[in-house]
Amino acid sequence: MPKSRVRKKKVYTAPTGVRSSTATTAKRAKPSPRWVPGVAVGLIVAGIAWLVTYYMTQGEYPVAELSAWNLAIGFGMLVASLGVFTQWR
């Protein structure tokens, strides 16, 4: 059986003296406004307070007519705080 040829491929070398385009055009991210962490922490505290109030009063408070939707409101506040925290730099 004949022996297959070995492929001779040149080794890539990066050109010298050329700067990458990302280093020159990269924009610095601006710091987030001061209200972002405050709103996020406020939503966490409000969500936990809503859920604790609902459980401690056995569903009578914060809004008795919403029944189990009180859980959705409390956890919704917690999820919203995660969304706000993504804006924090």
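Bear in mind that the values here come from a model prediction, so they are computed numbers and not experimental data.

Criteria and cut-off values
Residues numbered from 1 in each chain as written. Predicted model: local features only at pLDDT ≥ 70, side-chain atom pairs only at ≥ 80, totals over all residues. Heavy atoms only, no water. Helix = DSSP H or I, 4+ residues; strand = E, 2+ residues; numbered from the N terminus. Buried < 20%, exposed > 50% of the residue type's maximum accessible area, 1.4 Å probe, protein only. Polar contact = N/O pair within 3.5 Å; in protein donor to acceptor, adjacent residues only side chain to side chain. Contact = heavy atoms within 4.5 Å. Phe/Tyr/Trp six-rings, centres within 6.5 Å; stacked < 30°, edge-to-face > 60°. Expected span 1.5 Å × (residues − 1). Arc of directions from axis to C-beta.

Section: the environment of Gly83
By the element assignment, Gly83 lies in helix 3 (residues 69-85). The partly exposed category is assigned to Gly83, whose relative accessible area is 38%. Sequence-wise, Gly83 and Ala40 are 43 residues apart; in three dimensions their C-alpha atoms are separated by 8.3 Å.

Some details on unusual backbone geometry
The omega torsion across Tyr61 and Pro62 is -5°, close enough to zero to call that bond cis. A positive phi angle, near 55°, is found at Gln58, a position not held by glycine. If you trace the backbone, Gln58 turns up in the loop between helix 2 (35-56) and helix 3. Look at Ser67: it is not a glycine, yet its phi comes out positive at around 45°. Take Ser67: its relative accessible area is 40%, and that puts it in the partly exposed class.

Digging into the side chain of Ser32
Within the secondary structure, Ser32 sits in the loop between helix 1 (21-25) and helix 2. From its side chain, Ser32 meets the backbone nitrogen of Arg89 in a polar contact 3.4 Å long. Not counting chain neighbours up to four residues away, the residues in contact with Ser32 comprise Gln87, Trp88 and Arg89.

Topic: the packing of aromatic side chains
One pass over the full model with this rule turns up two aromatic pairs. Relative to Tyr55, the ring of Tyr54 lies with its centre 5.7 Å away and its plane at 65°, an arrangement referred to as edge-to-face. Exposure remark for Tyr54: the relative accessible area of 14% places this residue in the buried category. Owing to a relative accessible area of 54%, Tyr55 belongs among the exposed residues under this scheme.

A look at helix 3
Here helix 3 is 17 residues long and its end C-alpha atoms lie 24 Å apart, about the 24 Å a rise of 1.5 Å per residue gives. Where helix 3 is concerned, the buried positions are Asn70, Gly74, Met77, Ser81 and Val84. Each buried residue of helix 3 sits inside an arc of 80° when the element is viewed along its axis, so together they form one side. Set apart from the buried face of helix 3 by more than 90 degrees, the exposed residues are Trp69, Val79 and Leu82. Buried positions along helix 3 lie against helix 2.

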